[in-house]
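# Examination of the molecular architecture
Here are the chains, one letter per residue:
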Amino acid sequence: MSKEIMINVDNVSMRFNLGIEKGFSLKQGFVDFFSIKKRKEKKERKKKSEFWALKDVNFTIKKGEVVGFIGSNGAGKSTLLKVVAGVMKPSKGHVDCYGNICPMIELGAGFDAQLTARENIYLNGAVMGYSKELIDAKFEEIVEFSELREFLDVPVQNFSSGMVARLAFSIATIVDPEILIVDEILSVGDIAFQAKSEAKMLSMINDKGTTVLYVSHSLASIKKLCDKVIWIDHGHIKKIGGKEVCDEYLEFMKG
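Keep in mind that this is a model prediction, so the values were computed, not measured.

Reading the values: the criteria
Residues numbered from 1 in each chain as written. Predicted model: local features only at pLDDT ≥ 70, side-chain atom pairs only at ≥ 80, totals over all residues. Heavy atoms only, no water. 1 Å grid on protein atoms, 1.4 Å probe; cavity = no way out; pocket = protein on both sides within 12 Å on 5 of 7 lines; lining within 4 Å. Points joined across faces, edges and corners; volume = space filled by probe spheres on them. Helix = DSSP H or I, 4+ residues; strand = E, 2+ residues; numbered from the N terminus. Nonpolar A, V, L, I, M, F, W, Y, C, P; charged D, E, K, R; others polar. Pairing = 2+ DSSP bridges. Axes fitted to C-alpha atoms, helices over the stretch in contact; angles between N-to-C directions. Parallel < 35°, antiparallel > 145°, perpendicular 65-115°, else oblique. Left-handed = near helix turned anticlockwise from the far one by under 90°. Contact = heavy atoms within 4.5 Å. Buried < 20%, exposed > 50% of the residue type's maximum accessible area, 1.4 Å probe, protein only. Polar contact = N/O pair within 3.5 Å; in protein donor to acceptor, adjacent residues only side chain to side chain. Arc of directions from axis to C-beta. Phe/Tyr/Trp six-rings, centres within 6.5 Å; stacked < 30°, edge-to-face > 60°. Lys NZ or Arg CZ within 6 Å of the ring centre and 35° of its normal.

All right, on to the layout of surface pockets then. There is about 340 Å³ of room inside the largest pocket. Along the wall of the largest pocket there are 22 residues; nearest its centre are P103, M104, I105, A109 and M128. Elements represented by at least two residues in the lining of the largest pocket include exactly α3 (77-85), β5 (101-104) and α4 (117-127). For the lining of the largest pocket, the residue count by class is 16 nonpolar, four polar and two charged.

The following block contains the structure:
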């Protein structure tokens, strides 16, 4: 029996405006309206100001799959995960997700830097949809996993990026999401916590059947955790396959 589909990305494209277009004025608009040359120049400027971060992206992910996304900086990996998570709406196409999503995309997203770690546990938990009762019940577990007990009453603005990552991961994984999205957030922690987080993810994958979308520049980590790899290049999918895609990407990058 085939696994059920958890995520379906259908012909997704994402366009951004780079802000090259000049500011509009009524006088300029009047001049442009009666000038064919000006209209052509404006059309060209508008075209140049558009940047397609994703273009015609299609793939499906089945329940329990651990999918790694690889590609150079600016390839479109993070944008794609934000679209899947529902943080961004695609310019074209659509994404269907069949399960609750826990996105860990941006370091410190959902935190208030001026609040303490203790306060942010409740704030971030509320942003993720957790009830106060659940956070109360899981509070000690969060603190224990994060190893930040002595910093509970310190404002998060005084935390290092690694400490923020610890807190974010500890809060996000107190429940068992059906879909976990992790974008490079674990790379900022120390080696010991990276190993601890990796073990937690493996437990969620092996014991709970969590579907994972994982972006990392560490090919070793991708190979270790993922059974499916999607290589993205300049907003397009270059290849989808198994761990061997990592080796092909490495050879490609070597030139």
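To continue, consider the sheet that holds strand β7 (residues 211-215). Read across the sheet, six strands follow the order β5-β6-β7-β3-β8-β9 without closing on themselves; strand pairing throughout is mixed. Looking at strand neighbours, the two that pair on one side only are β5 and β9 (236-241), the edges of this open sheet. The average angle at which neighbouring strand axes cross in this sheet is 15°, direction not considered. Looking at chain direction, strand β8 (residues 228-233) and β9 are connected through five bridges and run antiparallel. Each residue of the ladder has a partner; that of W231, found in β9, is K239.

Right, let's talk about the sheet that holds strand β4 (residues 92-97) for a bit. One open sheet accounts for three strands, arranged β2-β1-β4; its pairing is antiparallel. Since the sheet does not close on itself, it has two edges, and those belong to β2 (50-62) and β4, each with one partner. Sheet twist, expressed as the mean angle between neighbouring strand axes with direction ignored, is 15°.

Helix α7 (residues 191-208) packs onto helix α6 (residues 161-172) with a crossing angle of 15° between their chain directions and a minimal axis gap of 11 Å. Taken together, the axes of α6 and α7 lie roughly parallel to each other. In the crossing of α6 with α7, the sense of the turn from one axis to the other is left-handed. Residues A165, R166, F169 and S170 of α6 form the contact with α7, whose participating residues are F193, S197, K200 and M201.

On to the side chain of T210. Topologically, T210 is positioned in the loop between α7 and β7. For T210, a relative accessible area of 2% gives the class buried. Only 3.3 Å separates the side chain of T210 from the backbone oxygen of P177, close enough to count as a polar contact. Once residues within four sequence positions are removed from consideration, T210 is found in contact with G64, E65, P177, E178, I179, L180, M204 and I205.

Here the focus is α4. Helical periodicity: at 3.6 residues per turn, an α-helix aligns residues three or four positions apart in one direction. Where α4 is concerned, the buried positions are A117, N120, I121, N124 and G125. All buried residues of α4 project into a common sector of 130° when viewed along the axis, lining one side. Against the buried residues of α4 lie α5 (132-146) and α6. Immediately downstream of α4, the backbone of G129 shows phi near 90°, a positive value.

At a minimum axis distance of 9 Å, the contact between α5 and α6 shows a crossing angle of 140°. The two elements α5 and α6 cross, and the hand of that crossing is right-handed. Here I142, F145 and S146 of α5 come into contact with α6, specifically with R166, L167, F169, S170 and I171. Of the residues that constitute the contact of α5 with α6, the class distribution is five nonpolar, two polar and one charged.

For the rest of this paragraph, the subject is the packing of aromatic side chains. What the rule picks out here adds up to eight aromatic pairs. Between F151 and F159, the aromatic rings sit 6.4 Å apart at their centres with planes inclined by 80°, giving edge-to-face as the arrangement. The partly exposed category is assigned to F151, whose relative accessible area is 29%. You can call F159 buried: its relative accessible area is 9%. In this structure, K196 packs its charged tip against the face of F145, placed 4.6 Å from the ring centre. One cation-aromatic arrangement involves K238 over W231; the distance from NZ or CZ to the ring centre is 5.5 Å.

So far we have only geometry, and geometry alone does not tell us how the molecule works.
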